[in-house]
Amino acid sequence: VSRKEGKPQICQLSESSDTSNSESEPESEPEQVSGYHKLLATLKNVSEEEKEDEEEEEEEEEDSVVDDTEMNDEDDGSDVSVEEEKAAESTEMRKNVALSADPEGKDGEGPPGTSQESPEEFTDAKHESLFSLETNFLEEESGNDSSLKVSQDPFLQHVNKELKEKDIQAFPTNPKTTQQLKWPVLGQLVFSSKFQKLETFKPPKDIDFQSLHLQKPLGSTWAKTNSQFLSGPQKSSSPFTPLQKELFLIMNSYQDLFYPERTALKNGEEIRHVYCLHVINHVLKANAQVLGNNSRRRSQKLGVGDDDDFRDQGLTRPKVLIVVPFREAALRVVQLFISLLEGDSKKKIIVSNKKRFQGEYGSAPEERPPNLKRPEDYEAVFAGNIDDHFRIGVAILQRSIRLYAPFYSSDILIASPLGLRTIIGGEGEKKRDFDFLSSIELLIIDQADIYLMQNWEHVLHLMNHMNLLPLDSHGVDFSRVRMWSLSNWSKYYRQTLLFGALQDAQINSVFNKYCTNLQGQVAVKNVPMTGSISHVLVQLPHVFQRMEVDSLASVIDARFNFFVNKILPQYRDAVMSHTLIYIPSYFDFVRLRNFFKKEELNFTHICEYTQKSGVSRARHFFLQGEKQFLLLTERFHFYKRYTIKGIRNLIFYELPTYPHFYSEICNMLRATDRGEEATWTCTVLYSKYDAQRLAAVVGVERAAQMLQSKKNVHLFITGEN
């Protein structure tokens with residue numbers, strides 16, 4: 001008995017001083033469970049008194065919380081030795097829970113010593129009890145969750161919708177029903193669903209702010225946070241821009257969304273604002289529901305609370321995952337969270353570890369040579385801290401934010417694909433953890449096109465580990481877990497928002513394969529009428545050569561053989577010197593480089609892994625004509641945007657991923673103007689499987705003609721007056 005009694009005392013009490021965690025006790029010993037209830041009943045009064053004292057002291061401590069945390073940072077809050085130094089007993093007990101739930105002691109943080117991160121990742125253990133959902137109750141002034149009682153609330157409608165076993169079984173074989181609608185700003189939308197009822201709607205002209213069911217304080221803080229995007233007359237009529245209004249209506253309906261027209265230059269920040277509003281709204285409602293039920297259970301007799309009324313959470317606490325490519329994007333997201341919770345109220349919200357966060361995610365202004373010119377879109381994408389290996393947990397409780405929360409105590413996870421990949425691990429690895437993805441209700445993948453340039457495999461690996469049943473219980477109270485979460489149906493309730501800058505087959509594939517939301521999917525599908533070829537300023541003949549391909553699997557080999565047998569022989573002559581070969585895929589680049597070496601052709605090459613000295617040497621040899629061919633990868637161009645001088649002949653081994661790269665590369669011919677315009681050439685290889693990329697370069701009507709034509713060669717001439 002004494003051995004059994006020790007475990008709940010240390011591990012369970014502070015985590016849930018008001019809920020019955022009887023599942024941790026053996027079923028064969030009911031006497032102990034009732035004894036445990038008595039123990040809980042006696043401790044409950046103590047924890048309530050502590051809670052009241054805490055609320056009285058909160059205002060005084062407001063300024064000191066952050067400072068104390070920073071002093072503690074040096075001790076690296078995830079260490080067991082630090083835990084013993086903690087004064088607060090509840091914090092210590094809660095920390096033990098985290099360690100027992102995670103025997104390797106990583107608290108959802110990744111393997112130490114990876115990339116540039118510190119050997120032991122910092123997690124904030126100090127504020128555990130303050131931000132614990134189990135030990136806190138709904139404060140009176142926060143509206144007593146009255147907004148959640150409204151039956152029209154889309155959040156409640158979504159989480160309370162019950163699927164039947166037969167719906168799930170029929171899902172894989174159900175035909176997908178689709179319907180197209182045209183919206184004023186978003187344009188052509190495709191609504192689709194594999195569940196029986198397809199729900200479509202049109203945006204109302206005037207948006208009633210009350211009907212959006214925004215949780216306090218978002219109704220008042222949103223207008224101020226979003227004011228930079230609103231002009232004079234708009235400001236008074238609606239707190240949303242026309243684009244934000246339509247996007248938020250879809251988000252708030254809890255349908256999956258794919259928006260492929262997000263650009264860093266034009267509307268990136270506008271979109272970031274609106275999805276952050278949706279995230280905070282979702283988390284505040286979910287937490288208010290849990291805290292409200294805590295209060296109801298406290299007022300009832302202890303032990304009655306195992307009915308289904310109180311099922312209000314998932315198997316693990318993290319509800320939202322935001323995938324962004326760089327630390328700068330994570331910084332902006334967190335800053336938006338703070339301003340959405342704070343607004344212009346006199347009382348500042350408590351943000352723990354803010355100084356540390358700004359130090360690790362911010363960036364000092366870098367010294368740049370004054371003559372360094374890069375395109376505007378490059379400057380916008382690569383602004384700030386562009387480290388791509390990070391992950392951070394954020395816990396939100398009413399008017400407080402805790403950064404660097406351990407993953408299993410977080411509401412929101414913000415991470416890069418690489419940061420997630422190093423913690424999820426692979427088959428056979430000892431240290432791996434993906435239980436924190438089991439109850440994600442809202443997945444946001446922002447700037448999806450950049451992951452094509454980083455490593456798309458990481459995104460696929462993440463999607464394959466979403467919403468799986470956890471391998472460990474992580475101290476959850478199963479009497480509070482929603483039935484659809486216990487049934488392993490979470491993926492049918494997960495809303496996925498996918499934003500990118502282009503229509504791409506790989507991104508489309510993720511949206512179609514992994515988005516199985518019962519509310520259905522919405523994809524924006526506008527076709528490009530004019531292609532990027534219209535931005536080519538040099539006088540240049542563009543020869544598009546179509547290769548015949550039997551299947552998608554044979555495209556890679558067919559392209560290589562077509563290039564080696566049909567295209568390359570035309571360029572082997574010394575007259576065709578200064579030939580740049582642009583290669584989007586790194587694997588194709590390696591194959592061509594090896595072929596050129598074997599054939600002993602006079603060539604040089606630049607890829608994303610080439611050292612700076614190697615790049616300078618290759619550019620010099622190519623400009624001087626000492627090397628006839630230059631192989632260039634798309635990822636090198638994406639990350640560096642160097643102007644390659646000395647090009648006279650261009651070969652696009654495959655159409656570029658980004659359509660504007662086509663005109664950029666073509667316009668490089670202007671860099672060395674020696675009166676040789678008449679001899680310049682440009683050759684492009686394409687197949688019927690490149691329809692999307694072709695339409696983005698030449699426009700949708702011409703692309704259709706080129707793909708259906710009996711002729712395999714098409715000529716465009718640009719730059720003529």
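Residues numbered from 1 in each chain as written. Predicted model: local features only at pLDDT ≥ 70, side-chain atom pairs only at ≥ 80, totals over all residues. Heavy atoms only, no water.

**Focus: the sheet that holds strand β2 (residues 187-193)**
- Overall, mixed pairing links the 11 strands, which are arranged β1-β2-β11-β3-β10-β9-β4-β8-β6-β7-β5 in an open sheet. Strand pairing shows two members of the sheet lacking a second neighbour, β1 (177-183) and β5 (350-352), which therefore form its edges. Direction aside, neighbouring strands of the sheet carry axes that sit 15 degrees apart on average.
- Note: strand β9 (residues 442-445) against strand β10 (residues 495-499), four bridges, orientation parallel. (Pairing = 2+ DSSP bridges. Helix = DSSP H or I, 4+ residues; strand = E, 2+ residues; numbered from the N terminus. Axes fitted to C-alpha atoms, helices over the stretch in contact; angles between N-to-C directions.)

**Quick notes on unusual backbone geometry**
- In the Ramachandran plot, His474 falls in the positive-phi region, its phi being about 50 degrees despite a non-glycine side chain.
- On the secondary structure map, His474 appears in the loop between α16 (456-464) and α17 (483-486).
- Look at His474 and you get buried, because its relative accessible area is 14%.
- At Asn488, a residue that is not glycine, the phi angle is positive and equals roughly 65 degrees.
- If you trace the backbone, Asn488 turns up in the loop between α17 and β10.
- Judged by relative accessible area, Asn488 falls into the partly exposed class, the value being 33%. (Buried < 20%, exposed > 50% of the residue type's maximum accessible area, 1.4 Å probe, protein only.)

**What to know about a nonpolar patch on the surface**
- Judged by side-chain polarity, Phe478, Met483 and Leu486 come together as a nonpolar surface patch covering roughly 240 Å² of accessible area.
- Mapped onto the fold, Leu486 is located in helix α17. (Patch = residues over 30% accessible without salt bridge, like charges linked within 9 Å, V, L, I, M, F, W, Y side chains within 5 Å. Areas by Shrake-Rupley, 256 points an atom, 1.4 Å probe, with all protein chains shown as cover. Salt bridge = Lys/Arg side-chain N within 4 Å of Asp/Glu carboxyl O.)

**As for the environment of Asn517**
- Mapped onto the elements of the fold, Asn517 is located in the loop between α18 (505-514) and β11 (521-524).
- Assessed through its relative accessible area of 2%, Asn517 is described here as buried.
- Sequence separation of Asn517 and Asp256 is 261 residues, and the distance between their C-alpha atoms is 6.6 Å.
- Beyond its immediate chain neighbours, meaning those up to four positions away, Asn517 contacts His158, Phe195, Tyr254, Gln255, Asp256, Lys491, Tyr492, Arg494 and Gln495.
- A distance of 2.6 Å separates a polar atom in the side chain of Asn517 from the backbone oxygen of Tyr254. (Contact = heavy atoms within 4.5 Å. Polar contact = N/O pair within 3.5 Å; in protein donor to acceptor, adjacent residues only side chain to side chain.)

**Things to note about helix α7 (residues 218-225)**
- All buried positions along α7 are accounted for by Leu218, Thr221, Trp222 and Thr225. Looking straight down α7, one finds that the buried residues subtend no more than 110 degrees of arc, so they occupy a single side.
- In this structure, the buried residues of α7 make contact with α9 (242-252), α10 (268-299) and α11 (327-342). (Arc of directions from axis to C-beta.)

**Re the sheet that holds strand β13 (residues 579-583)**
- Here we have seven strands laid out as an open sheet, ordered β14-β15-β13-β16-β17-β12-β18, and mixed in their pairing. A strand with exactly one partner marks an edge of an open sheet, and here the two such strands are β14 (603-606) and β18 (713-718). Direction aside, neighbouring strands of the sheet carry axes that sit 20 degrees apart on average.
- Looking at chain direction, strand β12 (residues 540-546) and strand β17 (residues 681-686) are connected through five bridges and run parallel. The residue of β17 that forms the bridge with Val543 is Thr683.
- Across the sheet, helix α23 (residues 659-667) is in contact with β12, β13, β15 (629-633), β16 (649-652) and β17; its angle to β16 comes to roughly 160 degrees.

**Describing the pairing of β15**
- By the criterion of burial, β15 is predominantly enclosed, with five of the five residues buried.
- Here five bridges tie β13 to β15, and the two strands are oriented parallel to one another. Counterpart to Ile581 in the pairing with β15 is Leu631.
- Relative to β15, β14 is paired through four bridges, and the arrangement is parallel. Counterpart to His605 in the pairing with β15 is Leu631.

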